[in-house]
Each structure stands twice: as C-alpha cells, then as structure tokens.
Amino acid sequence: MKKKIHPKMFLLKVVCSCNNIMYIYTTIKKNFSVDVCYKCHSFYTGKQKISNTKGRIENFKKKFSKINYN
C-alpha cells in the first residue's frame, strides 16, 4: 500500500440508548450515541412481531376484484 495517503484511524466509543457500549475504529474523532444496537433491536433479540398478512391480502383482493381492466 502507498504510504501517507490513508486517513488516521481512531478508537471510537459508541453508546446505545440501552446503555450498551461498543468500540469501533473509524476516521471520526468524537464519540456518538445510537438509538438501537444489536442487543436491543427486535430483529436480533428474537422479539420481532410478524404481522398477519393473510387478512391484508384478502382485503386487497376484495377491494380491487371489482375493477374491470378491459
């Protein structure tokens, strides 16, 4: 790799709203906070809600089945 063309990397502290602290390497110099992380996001915790799509599809078909496109 070429010398003196890459930006300096800093160890950054990221704080989540659930008080989880993560450390990452980045080119920014200041610490910041995030709303969700891998410990509190519903996808990663397994607590996500699956909507009932059957009723939504039936409502769509009922609504648009009366339209004649010919």
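Residues numbered from 1 in each chain as written. Predicted model: local features only at pLDDT ≥ 70, side-chain atom pairs only at ≥ 80, totals over all residues. Heavy atoms only, no water.

Q: Please set out the sheet that holds strand β1 (residues 10–16) residue by residue, giving values where relevant.
A: On the basis of which strands lie adjacent, the open sheet formed by three strands has the order β2-β1-β3 and mixed pairing. Lying at the two open borders of the sheet, with one neighbouring strand each, are β2 (21–26) and β3 (32–34). Averaged over all adjacent pairs, the angle separating strand axes in this sheet is 35 degrees, with direction ignored. Here three bridges tie β1 to β3, and the two strands are oriented parallel to one another. Bridged to Cys16 within β3 is Val34. (Pairing = 2+ DSSP bridges. Helix = DSSP H or I, 4+ residues; strand = E, 2+ residues; numbered from the N terminus. Axes fitted to C-alpha atoms, helices over the stretch in contact; angles between N-to-C directions.)

Q: Talk me through the pairing of β2; I want residue IDs and the actual numbers.
A: Pairing between β1 and β2: six bridges, direction antiparallel. Opposite Lys13, over in β2, you have Tyr23 as the bridge partner. The hairpin formed by β1 and β2 contains four residues between the paired strands, and Asn19 there has a positive phi angle of roughly 70 degrees.

Q: Quick rundown of the environment of Thr26? Include the residues and the values.
A: Note that Thr26 resides in strand β2. By relative accessible area, which is 15% here, Thr26 ends up buried. Sequence separation between Thr26 and Lys8 is 18 residues, and the spatial gap between their C-alpha atoms is 8.3 Å. Those residues in contact with Thr26 that lie beyond four places of it in its chain are Lys8, Met9, Phe10 and Leu12. (Buried < 20%, exposed > 50% of the residue type's maximum accessible area, 1.4 Å probe, protein only. Contact = heavy atoms within 4.5 Å.)

Q: Describe in detail unusual backbone geometry, supporting the description with residues and values.
A: Residue Lys4 is not a glycine yet carries a positive backbone phi of 65 degrees. Note that Lys4 resides in the segment before β1. Note on Lys4: relative accessible area 87%, which makes it exposed. Phi angles above zero are rare outside glycine, and Asn19 is one such case at about 70 degrees. As for its placement among the helices and strands, Asn19 is situated in the loop between β1 and β2.

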